[in-house]
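Observations on the three-dimensional arrangement
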Amino acid sequence: MAMNIEKIEEGVQTLENPPNKLLSASHPEDLNKSLMAKWGLLLLSCTCSVVGTTGGPLVLRLYFLHGGHSKWLSSWLQTVGFPILLIPLTILYFRRDRMLPDEFFASQKLLHYAAIIGLLQGLDNYMYCYGLSFLPVSTSSLLISTQLISTAFVASILVKQKFTPYSINAVVLMTMGSILLGLRKSGDRPHGVTNSQYLLGFIISIGAAALGGFILVSTQVAYAKAKKAMTYSIVLQFQFCMAFFATLFCTVGMLINKDFSAIKREANGYELGVKKYYLVLGSSVVIWQVMFLGRLGIIFCTSSLFAGIMSATILPITEIAAVITFHEKFTGEKGMALALGLWGFTSYFYGSYRKTKKQTQQTPHETNTSK
C-alpha cells in the first residue's frame, strides 16, 4: 500500500511500471500491446479532461447568466449523467476474456470509500456552483486552480509527504494570486452582483478548491487501500458509485429547496427560450460526466497529483474561452494571478520531477550494493 501511495509524492507515475495489471503481461508482445493500450487510455482521458474542464464552467455560467438561479440543480447536473458509464462497463464486461470475476468487479470496501467520497463530491459541486453564480468564469477558474495547495497539505497529512522548497514556493505563489484577485474585487464584479455576494462567492470557491484537492488525494488513497489490482472496469465502477452518492446528496438538497417543481417555471422565464434552456441542462450533464471520466482515467494511469497538474495546464484555455464567449474583462490582476498560478504549478511539477529522477538514479546503485 505504501508503494502505491508514494505515487502522490512522485508526481507522475511512470507508464512502464504501473500499480495495476494492465501491463502485467509476461510476453514482450503482450507487454507492448498493453503499453500501447495504456498510452491510448491516458490520451483519451486527457482529451475528456480538456473538453470537460473547459466546457463545464462555460455551460454552467451560461445557465446563470440568462436566468438560471438554482445552485442545487446546477450541482445535480454535474453527476446525474452517471448512467452513461453503464455503456463502457457493459462493453468491458463482454470483452473481459479470461479475466477472473475478482479482477473485473470492485470490492465492497472500495465501493464504501466511493460512497463517502461521493457525498463529499456532491458538497463540492454545490460549493463550486454557488461560487460561480457570483463570479466570472475566469476568476472562478483561477480560484479553483488553488486546489493544488489543498492537495499538497492533504498529501502531507495522509501519506506523510514532505514539503520541499519547490512545493512551498508553489503554495506561496498561488496564495499570492488569490489575494491579488480578492483585493480588486470591485473591478471584476459582474453586473447585478453586490460586493457581499462577490466576497461570499470568492470565499466559497476557495473552499471548493480545498475540498476538491482533498477528494483527489482521497481517491488515490482509496485505490491503494483496495488491496487488489486496479483495472479500468473497477475505476468505472468506483466513479459510478461515487457519482450516484453525489447525485443523491444534491437530490436531497433539491427536494428540500423544491427545485424540481421550479424547473418548468425557470424554463419559461429563461432569456434564451425554453428549448435552449433544456439544451443547456442536457449539455451540462454530458460535459461534466466527460470531465469526471477523464479525471478518473488520469488518476488510474498516473496519479492524483498529475490530474491536478493537468487541470492547471488547461487553465489558460478556460480563461481564453471565457473571455471570448462572455466578453469578460481580463484585467491586469487576473493576468498576474494567472502568471503566479502557472509559475507555482511549474515549480511544483519541477520539484516532483527532480525527486522522481533522483529516486530513479538511486535505485540501480542500491541494487548493486545489496548484491
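Residues numbered from 1 in each chain as written. Predicted model: local features only at pLDDT ≥ 70, side-chain atom pairs only at ≥ 80, totals over all residues. Heavy atoms only, no water.

Put simply, the rule reads: UniProt positions are given in the numbering used here, feature names are shortened, and annotations may be inferred rather than shown by experiment.
The name given to the chain in an unreviewed UniProt entry is Probable purine permease, and the organism recorded there is Macleaya cordata. UniProt lists a comment for the chain under the heading Subcellular location (unreviewed entry), and it reads "Membrane". UniProt, in the comment section headed Sequence similarities (unreviewed entry), describes the chain in these words: "Belongs to the purine permeases (TC 2.A.7.14) family."

**Focus: the overall build of the chain**
The cut-off we apply is this: Secondary structure elements follow DSSP: runs of H or I of four or more residues count as helices, runs of E of two or more count as strands, with numbering from the N terminus. In this scheme, a residue with accessible area under 20% of its type's maximum is buried, one over 50% is exposed, and one in between is partly exposed, where area comes from a 1.4 Å probe on protein chains only. Two residues qualify as a contact provided that any one of their heavy atoms is within 4.5 Å of a heavy atom in the partner residue. For every accessible area listed, the method is Shrake-Rupley and the probe measures 1.4 Å; residues are considered covered only by the protein chains on display.
Secondary structure summary: the chain contains 15 helices and 0 strands in total. Going through the 371 residues of the chain one by one, you find that 53% of them count as buried. At a minimum sequence separation of 6, the contacts of the chain that also span at least 24 residues come to 83%. Split by element, the accessible area of the chain, about 18000 Å² in all, is 67% carbon and sulfur.

**Quick notes on unusual backbone geometry**
Positive phi outside glycine occurs at Lys258, with the angle close to 60°. Structurally, the position occupied by Lys258 is in the loop between α11 (232-257) and α12 (263-268). For Lys258, a relative accessible area of 62% puts it in the exposed group.

**What to know about the packing of aromatic side chains**
Where two aromatic rings form a pair, the distance of their centres and the angle of their planes describe that pair. Cut-off, in case you're wondering: Two rings from Phe, Tyr or Trp (for Trp, the six-membered ring) form a pair when their centres are within 6.5 Å of each other. A pair whose planes differ by under 30 degrees is stacked, one over 60 is edge-to-face, and the rest are tilted. Placement of a positive charge over a ring is assigned whenever Lys NZ or Arg CZ falls within 6 Å of the ring centre and within 35 degrees of the normal to the ring plane.
The final tally for this structure, using the stated rule, is 16 aromatic pairs. Residues Tyr93 and Phe105 carry aromatic rings whose centres are separated by 6.3 Å and whose planes lie at 55° to one another, so their mutual orientation is tilted. Taken together, the positions of Tyr93 in helix α4 (residues 86-94) and Phe105 in the loop between α5 (101-104) and α6 (108-132) put the pair 12 residues apart, joining distant regions of the chain. Considering the side-chain rings of Tyr130 and Phe134, the 5.5 Å spacing of their centres and the 75° angle between planes classify their relative orientation as edge-to-face. Chaining the aromatic ring pairs together yields one cluster made of Tyr63, Phe64, Tyr270, Tyr277 and Tyr278. Looking at Lys71, its charged tip hangs above the ring of Tyr130, at a distance of 5.3 Å from the centre.

**Some details on the state of the cysteines**
Heads up, the condition is: Any two cysteine sulfur atoms within 2.5 Å of one another count as a disulfide.
In total, this model carries 0 disulfides according to the counting rule given. Free cysteine: Cys48, not disulfide-bonded; nearest cysteine sulfur from Cys46 at 9.4 Å.

**Description of the nonpolar core**
As a reminder of what qualifies: Only buried residues count toward a nonpolar core, which is a set of Ala, Val, Leu, Ile, Met, Phe, Trp, Tyr and Cys residues joined through side-chain atoms within 4.5 Å.
Ranked by size, the top nonpolar core spans 68 residues in total, and within it Leu73, Leu110, Tyr128, Met230, Phe238 and Tyr277 carry the most contacts. In terms of residue count, the dominant contributor to this core is helix α13 (residues 274-301) (13 residues). The residues touching Tyr128, leaving out its near neighbours within four places in the chain, are Pro57, Leu60, Gln78, Ser140, Ile144, Ala208 and Trp288. Counting 6 residues, the second-largest nonpolar core is a separate cluster that includes Leu135, Leu143, Val193 and Tyr198.

**Structural notes on α11**
The condition that has to hold: To estimate the expected span of a helix, count its residues, drop one, and scale the result by 1.5 Å.
The end-to-end C-alpha separation of α11 is 37 Å, in line with the 38 Å expected for 26 residues at 1.5 Å each. Of the residues flanking the end of α11, it is Lys258, one or two places downstream, whose phi is positive at about 60°.

**So, the packing of α11 against α13**
To keep things clear, this is the line we draw: Angles run from 0 to 180 degrees between N-to-C directions of axes, and those axes are lines fitted to C-alpha atoms, restricted for helices to the stretch in contact. Geometric relationships in this document are graded by angle, where less than 35 degrees denotes roughly parallel, more than 145 denotes roughly antiparallel, 65 to 115 denotes roughly perpendicular, and other angles denote oblique. Two helices that cross are described as forming a left-handed crossing if the nearer one is turned anticlockwise from the farther one by less than a right angle, and a right-handed crossing if clockwise. Residues are grouped as follows: nonpolar covers Ala, Val, Leu, Ile, Met, Phe, Trp, Tyr, Cys and Pro; charged covers Asp, Glu, Lys and Arg; every other residue, Gly included, is treated as polar.
Two elements in contact, α11 and α13, have axes whose closest approach is 10 Å; the angle formed by their N-to-C orientations is 135°. Judged on the interaxial angle alone, α13 and α11 are oblique. At the point where α11 passes α13, the crossing takes the right-handed sense. Note on element contacts: α13 touches α11 through Gln289, Phe292, Leu293, Arg295, Leu296, Gly297 and Phe300, opposite Tyr232, Val235, Leu236, Phe238, Gln239 and Met242. Its residues assigned to classes, the contact of α11 with α13 shows 9 nonpolar, 3 polar and 1 charged.

**Description of helix α8 (residues 147-158)**
In this model, α8 (12 residues) spans 16 Å end to end at C-alpha, consistent with the 16 Å of a helix rising 1.5 Å per residue. Along α8, 9 of the 12 residues are buried, which leaves the element largely enclosed by surrounding structure. When we look at burial in α8, the residues that qualify are Gln147, Leu148, Ile149, Ser150, Thr151, Ala152, Val154, Ala155 and Ser156.

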